[in-house]
Amino acid sequence: MSAPNKSYDPVEVEALKPEEIERMRDEALAAIAAAAGLDELREVKVAHTGDRSPLALANREIGALPPHAKAEAGKRVGQARGGVNKALAARQAELEAERDARVLVEEAVDVTLPYDRVPAGARHPLTTLSDRIEDIFVAMGYEVAEGPEIEAEWFNFDALNFPPDHPAREMQDTFFVQPLAGGSDGDSAESGVVLRTHTSPVQIRSMIDREPPVYVICPGRVYRTDELDATHTPVFAQVELLAIDEGLTMADLKGTLDHMVRALFGSDLTTRLRPAYFPFTEPSAEMDMQCFACRGESAVNPDRPCRTCSSEGWIELGGCGMVNPRVLTACGVDPRKYSGFAFGFGIERLLMFRHNIADMRDIIEGDVRFTLPFGMEI
Amino acid sequence: MRIPLSWLREYVDLPAGETGRDVQAKLISSGLEVETVEQLGAGLTGPLVVGKVLTIEELEGFKKPIRFCTVDVGTANGTGEPQEIVCGARNFAVGDKVVVVLPGATLPGDFKIAARKTYGRTSHGMICSAAELGMGDDHDGIIVLPPEHEAGTDAIALLELVDEVLDIAVTPDRGYCLSMRGVARETAIAYGISLSDPALLDVPPPNAFGYPVQVGDPFGCDRFTARTVVGLDPEARSPIWLQRRLQKAGMRPISLAVDVTNYVMLELGQPLHAYDRTQVDGPIGVRRAQPGEKLTTLDGAQRVLDAEDLVITDNSGVIGLAGVMGGANTEIADAVRDETTGEVRGTTDVVIEAAHFEPVAISRTARRHKLSSEASKRFERGTDPQTTSAAAQRTADLLVLLAGGTAEAGVTEIISPSAPRTISIPADHPDRVAGTEYGRETVVRRLQQVGCDVYGSDELVVTVPSWRPDLTDPNDLAEEVIRLEGYENLPSTLPKLPSGRGLTGSQQLRRRTGRALAGVGYVEVQNTPFLGEAAFDQLGLEADDPRRRTVKLVNPLSDEEPAMRTTLLPGLLATLRRNIGRGSHDLALFETGLVFRPTGAEPAPPRLPVDRRPTDEEIAALNAALPEQPRRVAVALSGAREQAGWWGKGTAASWADAIEAGRTVAREAGVELIVRQDQHAPFHPGRCAALLAVVDGEELLVGHAGELHPRVVKALHLPDQTSAMELDLDRVERASSGPVPAPRVSTFPVATQDVALITDASVPAAEVEAALRTGAGELLESLRLFDIYTGEQVGEGKKSLAYALRFRAADRTLTAEETTTARDAAVAAATAATGAVLRGA
């Protein structure tokens, strides 16, 4: 802060005339507007707002004015300088935006380029379909039970009410295992061990391991002596369900099947039971589901044939029934107090008709071109 | 069981317009698996008539003998003139009655008949063979009819060519449906109409002068009926109707006596056997065979008998395998005419056997001798013991009727006393099984329909019919009621479940593992777990490698692959190669599944009863009989792991990816793998890692990973550097620890130090890293190997490992001295542990 200026300079006061200040401001604004680039603008900035610029010099003159003129001149010069600075900032922003736009255009890429650096993998559809079925039942309160694939005949047959030498054992096309210990006399001796022909031994193990009520679902690999062809495989995936509780009925079995079919294929489908024979259930039934493709219409309308169900209107799913009380007895479950139902079906077949797969071998052979489209979930 | 509809109608008065498909639907609904309905004679239109061969002219000069015939077809051709027909068959003579199809007719298979020129003549029709008429193809040449049929008779009706045949897959519990009688009964119930039971015959009571029979094993044979018919005309042939019924039911007509026994078996479900009486020496006996006894059965095979085999004997020894197959030496003899004397020799006197044999004995014998017959199929499912006398009567009646014999008055019946079987059930038992209300009246009515006698009100006492040995338990009776009331009428309800526990930890881990591997580019496969020694040889396993100890199958599909896998790699590598063969090259596969690892010391499982729960010890004994079946996960990869592209170069799949796949799996279990250099088939001895995890404070081997041995790659025709990993998921899961302790995140600045250490090339990086970590102490936040250099600057046999070390304290900014001290300590520890020298020092 300097002391008040007492020595006025009447000659230089010309520069602080309002017209002069206006002129200086207009020149500055014109130069700013005319600046074509950021470099030019920088020069304009120095010329019109720098220490040697006319407005800066004019500002310096204010001190030489008589006190009465100081306020007005100060205000006039300040406004002019403010206007210039504002215009400068605006132009600066404008030019920077122009420059950025230009540079970003130059930096543009082709975002449609492919990027298969590490292509995605996939889970096997048998796995994901089995998971999906498990999840339907886990949500209802069932637990997933598992067991060995090489199994004692007692679990695979005896406990399931397949009497020894009963023709029903031959329905199963069993792989028999050679005696494991010291098995030199090979296939003549009976080992009492087989490759499980169904996951039903897991049902037995579940009943033996748990106190009723028992609600389990038993997925897993099973074995039958079928040669691999378009519709058969010696190793296949199965899902079985077992419910043991007080007062369970065939109506509960039917309702549970209906629920599963609707969860998998759509809410308006229904199931059908047909009498059948299995040693481990009594009564026994084959279970069919209404065809999800034609909704049964192809069976009554010859003009609309259906490939999915061969125009039968129904698709065969598997076997089911009320657990034979003899099976309960073998597992230590009191058949006078408890009853139960069970069903089972093959996942390959389900996969085949759900996804219109013509040849079983495509599922088995592990060709990545088959599996990849199924992705992570089914 | 094949059921001709025309035959079925003989026992049930079906509505006139009812088709085979209608009957099929009804029977399926009540529980018979009617698989197909065959339309016999579909599309067949006449004229098809009986013709009498008048002349035969042999045509010469053709590749095969050709006959030009004239045939009397009555007035069927509209003129009454002999019909001129060219025929290539030779099994007929002038005067024979044949089947002639005339122009204008259509044979099955849309075969239209017209007059046509052939072999230089015009053939006005055709003399037909059985195959051409859709009657079965077991006859050579054309059909020669019995002489009594008039020329011009309509042969479509005569041969019953148009019919429908239901083919029923009879389940093991429904043996009675292996007969017309049984299926007729089911049909009658399904339609609610009455059955005329073919077993309801007048049968003379047994007496003392029938053919002598001695049953030495009343358990194996609780009923034996013998009848004798004498004076049969050995030249008598089965009439057309009988032959046709056999053919439609799927059996081949053979001779009258055999045809009649087969016919009665089809009709009543009771297998029969006819012996040539002149060939049977003394009383017929039933007993178990003596070990080593021999019998030549009707199929010409000589069989060595087992002590369990139930046999039929006479004074000469064994003459039949009871219930399975008769012996050749008592076989009914075909008529043979002696050309010089004109005398006809053949069987004239037969003994008819109708017996009831114990199902298990028959089943075991049939299996032991790999000899399944129509008889054994029925006996092992259980026949109706009370039908033997009716069946013998029916057989005698037919023989008398068709071969002019006389039934002798002697009737032998050996019967072991047995009480009728009864089952008690609450009258509402079927209701409680079904979950719906039928009511007592319905229950009683349905049970009576299937042949039961029912007494009682709230508690029913049910006597089951003799032909239903399968009805033994209350639920069997419930099923009869429910199926006849219709499964389709069951309500649909849901049980109320207790809350579940969801997936187990190991089930969750398996799903996560699959998702994680698929997420980093692996494709899941599921291989068949069969393999043979060749697979182990290809992997280069030593002779004593424990993986060669396998579970072997008695009846493998292929003799090349009789064993169960002990490792996932053979299947995985075969699938890798299959994909390569089909043109895919950049491959990353994974599989999760069980392998089977016997110790060879597994004891045989105990034979346990089923009338109670086994004890825990008994269950343990069963489990001890099974091999270990650990769950494994494995990967195999070849080609590019990272593709080349506009972004730059790709990278080849390598041992490092295989090991990383192991880490990926372990990470899902919250387990950090320890990687050690190892040598293990089938891996490259210098590029193989043992994968370990810490379980209960101990390091446990969980698997191996690396590049495959070049010899293995060559043996399996795989690309170079194919790499693989296999680890035991169960073990990884065991290494899984509890909740992760959260790290404390310091907000003070980080201090970084890079060090380059020169070591012998053989020093594992993991050891250097471990020493650096230990030496650096608590201030070390992280450490990363960012470069490896080998070359002149570090010298032969050496390598330079460059590490970036980041230091940070929880409570202060580190000083330069503190950082340097920590770094020096780290280097010193590495030097001490591995001989590493600071590069440039």
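Residues numbered from 1 in each chain as written. Chains lettered and ligands numbered in written order. Predicted model: local features only at pLDDT ≥ 70, side-chain atom pairs only at ≥ 80, totals over all residues. Heavy atoms only, no water.

Novice: Is there a simple way to think about the overall build of chain B in this case?
Specialist: Helix and strand counts for chain B come out as 21 helices and 44 strands. Taken against the 2.2 N^0.38 rule, which gives 28 Å for 841 residues, the C-alpha radius of gyration of chain B at 41 Å runs more than 25% over that of a compact globule. Dimensions of chain B along its principal axes, counting C-alpha atoms only, are 125 × 80 × 55 Å. Within the span of chain B, comprising 841 residues, buried residues form 51% of the whole. Put simply, of all contacts in chain B between residues at least 6 apart along the chain, 69% involve residues at least 24 apart. Total accessible area computed for chain B in this model is approximately 37,700 Å², and 50% of it derives from carbon and sulfur atoms. (Helix = DSSP H or I, 4+ residues; strand = E, 2+ residues; numbered from the N terminus. Rg over C-alpha atoms; globule rule 2.2 N^0.38 Å. Buried < 20%, exposed > 50% of the residue type's maximum accessible area, 1.4 Å probe, protein only. Contact = heavy atoms within 4.5 Å. Areas by Shrake-Rupley, 256 points an atom, 1.4 Å probe, with all protein chains shown as cover.)

Novice: Can you help me understand the confidence of the model for chain B in this one?
Specialist: Averaged over all residues, the pLDDT of chain B is 92; the fraction at 70 or higher stands at 99%. In the predicted complex, the global pTM is 0.84; the interface-specific ipTM is 0.85. (pLDDT = per-residue confidence, 0-100.)

Novice: Would you mind going over the interface of chain A and chain B with me for this structure?
Specialist: By a widely used convention, the size of an interface equals the accessible area lost when the partners come together. If you look at the interface, chain A gives 107 residues, while chain B gives 102 residues. Together chain A and chain B conceal approximately 8,700 Å² of surface at their shared face, both sides included; 57% is due to carbon and sulfur atoms. For chain A, the biggest contributors to the area lost against chain B are Arg117(A), Asp165(A) and Leu180(A); these three give 8% of the whole. Taken together, the connections running from chain A to chain B amount to 11 salt bridges. The shortest N-O distance in the salt bridge between Arg515(B) and Glu377(A) comes to 2.9 Å. There are 42 residue pairs in polar contact (both at pLDDT 80 or more) connecting chain A and chain B. For the side of chain A that touches chain B, the element with the most residues is helix H9 (residues 250–265) of chain A, which contributes eight residues. Along the lines of polarity and charge, the residues of the side of chain A that touches chain B split into 54 nonpolar, 21 polar and 32 charged. (Buried area = accessible area lost by both parts, 1.4 Å probe. Salt bridge = Lys/Arg side-chain N within 4 Å of Asp/Glu carboxyl O. Polar contact = N/O pair within 3.5 Å; in protein donor to acceptor, adjacent residues only side chain to side chain. Nonpolar A, V, L, I, M, F, W, Y, C, P; charged D, E, K, R; others polar.)

Novice: How should I be thinking about the sheet that holds strand S13 (residues 163–169) of chain B in this particular structure?
Specialist: Backbone-to-backbone hydrogen bonds pair the strands of a sheet. The strands run either parallel or antiparallel. Residues and elements named next belong to chain B. Spatial ordering of the open sheet is given by S1-S13-S2, a layout of three strands whose pairing is antiparallel. The sheet terminates laterally at strand S1 (2–4) and strand S2 (33–40), the two strands that pair on one side only. Between one strand axis and the next, the sheet turns by 25 degrees as a mean value, whatever way the strands run. With three bridges connecting them, S1 and S13 associate as antiparallel partners. (Pairing = 2+ DSSP bridges. Axes fitted to C-alpha atoms, helices over the stretch in contact; angles between N-to-C directions.)

Novice: Quick question: what am I supposed to make of the packing of aromatic side chains here?
Specialist: What describes a pair of aromatic rings is the distance from one ring centre to the other and the angle between the planes of the rings. All names here are of chain A. Inspection of the entire model under this criterion finds 21 aromatic pairs over all chains. Between Trp-154 and Phe-155, the aromatic rings sit 5.4 Å apart at their centres with planes inclined by 85 degrees, giving edge-to-face as the arrangement. Assessed through its relative accessible area of 4%, Trp-154 is described here as buried. Note on Phe-155: relative accessible area 1%, which makes it buried. (Phe/Tyr/Trp six-rings, centres within 6.5 Å; stacked < 30°, edge-to-face > 60°.)

Novice: Before we go on, may I ask you to explain the packing of helix H1 (residues 18–34) of chain A against helix H3 (residues 54–61) of chain A in this structure?
Specialist: To describe two helices that pack against each other, one gives the angle between their axes and the distance between the axes. All names here are of chain A. Running from N to C, H1 and H3 cross one another at 150 degrees; their axes reach a closest spacing of 9 Å. Overall, the two elements H1 and H3 adopt an arrangement that is roughly antiparallel. Viewed along their axes, H1 and H3 form a crossing whose handedness is left-handed. Contacts between H1 and H3 involve Ile-21, Met-24 and Arg-25 on the former and, on the latter, Pro-54, Leu-55 and Ala-58. (Parallel < 35°, antiparallel > 145°, perpendicular 65-115°, else oblique. Left-handed = near helix turned anticlockwise from the far one by under 90°.)

Novice: I keep staring at the environment of Thr821(B) and nothing clicks. Help me out?
Specialist: Residue and element names in this part refer to chain B. Positionally, Thr-821 belongs in helix H21 (residues 816–834). The exposure class of Thr-821 is exposed, given its relative accessible area of 52%. With 798 residues separating them in the primary sequence, Thr-821 and Val-23 have C-alpha atoms 96 Å apart. Only 2.6 Å separates the side chain of Thr-821 from the backbone oxygen of Glu-817, close enough to count as a polar contact.

Novice: Sorry if this is basic, but what is going on with the side chain of Arg67(B) here?
Specialist: Residue and element names in this part refer to chain B. Relative to the elements of secondary structure, Arg-67 occurs in strand S4 (residues 66–72). Taking relative accessible area as the criterion, Arg-67 reaches 8% and is therefore assigned buried. Separated by 2.7 Å, the side chain of Arg-67 and the backbone oxygen of Phe-92 make a polar contact. When sequence neighbours within four positions are dropped, the list of residues in contact with Arg-67 reads Ile-56, Glu-57, Glu-58, Ile-85, Val-86, Cys-87, Ala-89, Arg-90 and Phe-92.

Novice: I would appreciate a short explanation of the sheet that holds strand S27 (residues 422–426) of chain B in the present structure.
Specialist: All names here are of chain B. Here three strands make up an open sheet; going across it, the order is S27-S29-S28 and the pairing antiparallel. Strand pairing shows two members of the sheet lacking a second neighbour, S27 and strand S28 (453–455), which therefore form its edges. Strand-to-strand twist across the sheet, computed as the mean angle between neighbouring axes with direction ignored, equals 25 degrees. Two elements, S28 and strand S29 (residues 459–463), share three bridges in a ladder whose sense is antiparallel. Bridge pairing links Tyr-455 to Val-461 in S29. This element, helix H11 (residues 440–449), spans S27, S28 and S29 of the sheet and lies at about 5 degrees to S29. Contacts between helix H12 (residues 474–485) and the sheet are confined to S27 and S29, with S27 contributing the most and set at about 70 degrees to the helix.

Novice: What am I meant to see in the nonpolar core here?
Specialist: Note on soluble globular proteins: their nonpolar side chains tend to be buried together. In this structure, Ile133(A), Phe137(A) and Phe343(A) are the most contacted members of the largest nonpolar core, which totals 77 residues. Once residues within four sequence positions are removed from consideration, Phe137(A) is found in contact with Tyr142(A), Ile217(A), Leu241(A), Thr256(A), Met260(A) and Phe343(A). Counting 55 residues, the second largest nonpolar core, distinct from the first, contains Leu5(B), Ala188(B), Val350(B) and Trp467(B). (Core = buried A, V, L, I, M, F, W, Y, C linked by side-chain atoms within 4.5 Å.)

Novice: Please clarify how the pairing of S29(B) should be interpreted in this entry.
Specialist: If a strand is regular, its side chains alternate between the two faces of the sheet. As judged from the five bridges shared by S27(B) and S29(B), these two strands associate in the antiparallel manner. The residue bridging Ile425(B) from the neighbouring strand is Leu460(B), located in S29(B).

Novice: Is there a simple way to explain helix H6 (residues 256–268) of chain B in this structure?
Specialist: Since one α-helical turn is 3.6 residues long, residues separated by three or four positions face the same way. Residue and element names in this part refer to chain B. Taking 1.5 Å per residue, 13 residues should reach 18 Å; H6 reaches 18 Å between its end C-alpha atoms and fits that length. Of all 13 residues in H6, 12 are buried; the element is thus mostly enclosed. For H6, every residue scored as buried is listed here: Leu-256, Ala-257, Asp-259, Val-260, Thr-261, Asn-262, Tyr-263, Val-264, Met-265, Leu-266, Glu-267 and Leu-268. On its buried face, H6 sits against helix H1 (5–8), helix H4 (180–191), helix H5 (240–248), strand S16 (272–276), helix H8 (374–381) and helix H9 (388–403). Gly-269, located one to two residues past H6, shows a positive phi value of around 80 degrees. (Expected span 1.5 Å × (residues − 1).)

Novice: Teacher, can you tell me more about unusual backbone geometry here?
Specialist: A negative phi holds for most residues other than glycine; trans holds for most peptide bonds. Along the chain, Glu282(A) connects to Pro283(A) via a cis peptide bond; the corresponding omega equals -5 degrees. One can find Pro283(A) in strand S7 (residues 281–290). Backbone torsion omega between Ala681(B) and Pro682(B) reads 5 degrees, so that peptide bond is classified as cis. Even without a glycine there, the phi angle at Asp696(B) is positive, about 50 degrees. Within the fold, Asp696(B) resides in the loop between strand S38 (683–695) and strand S39 (698–708).

Novice: I tried to follow the pairing of S39(B) on my own but got confused; where do I start?
Specialist: Residue and element names in this part refer to chain B. Burial runs high along S39: eight of the 11 residues are buried. The pairing of S38 with S39 spans nine bridges and is antiparallel. Paired with Leu-692 across the bridge in S39 is Leu-701. Between the end of S38 and the start of S39, which pair antiparallel, lie two residues, with Asp-696 showing a positive phi angle near 50 degrees. As defined by bridge partners, S39 adjoins strand S40 (residues 723–728) across five bridges and the pair is classed as antiparallel. When the bridges of S40 are listed, Glu-707 appears paired with Ser-723.

Novice: What's the story with helix H15 (residues 569–581) of chain B in this structure? I'm lost.
Specialist: All names here are of chain B. In this model H15 runs 18 Å from its N-terminal to its C-terminal C-alpha over 13 residues, within 8% of the 18 Å that 1.5 Å per residue would give. Every buried residue of H15 is listed here: Leu-569, Pro-570, Leu-572, Leu-573, Thr-575, Leu-576, Asn-579 and Ile-580. Looking one or two residues beyond H15, the residue adopting positive phi is Gly-583, at roughly 100 degrees.

Novice: Whenever I open this one, the pattern of salt bridges confuses me. Can you help?
Specialist: Two side chains with opposite charge may pair up if their charged atoms get near one another. Under the definition given, this model contains 84 salt bridges over all chains. Glu57(B) is paired through a salt bridge with Arg121(B); the nearest N and O atoms lie 2.8 Å apart. Here Glu57(B), found in strand S3 (residues 48–59), pairs with Arg121(B), found in strand S10 (residues 121–123); they are 64 residues apart in sequence, far enough to count as distant. Residue Arg121(B) is classed as partly exposed on the basis of its relative accessible area of 28%. One salt bridge connects Lys377(B) with Glu374(B), and the closest N-O pair in it is separated by 3.7 Å. Of this pair, Lys377(B) and Glu374(B) both sit in helix H8, three residues apart, which is roughly one turn of that helix. By relative accessible area, which is 31% here, Glu374(B) ends up partly exposed. When salt bridges with common partners are traced through the structure, they connect Arg123(A), Asp131(A), Glu134(A), Asp135(A), Glu377(A), Arg511(B) and Arg515(B) into a single cluster.

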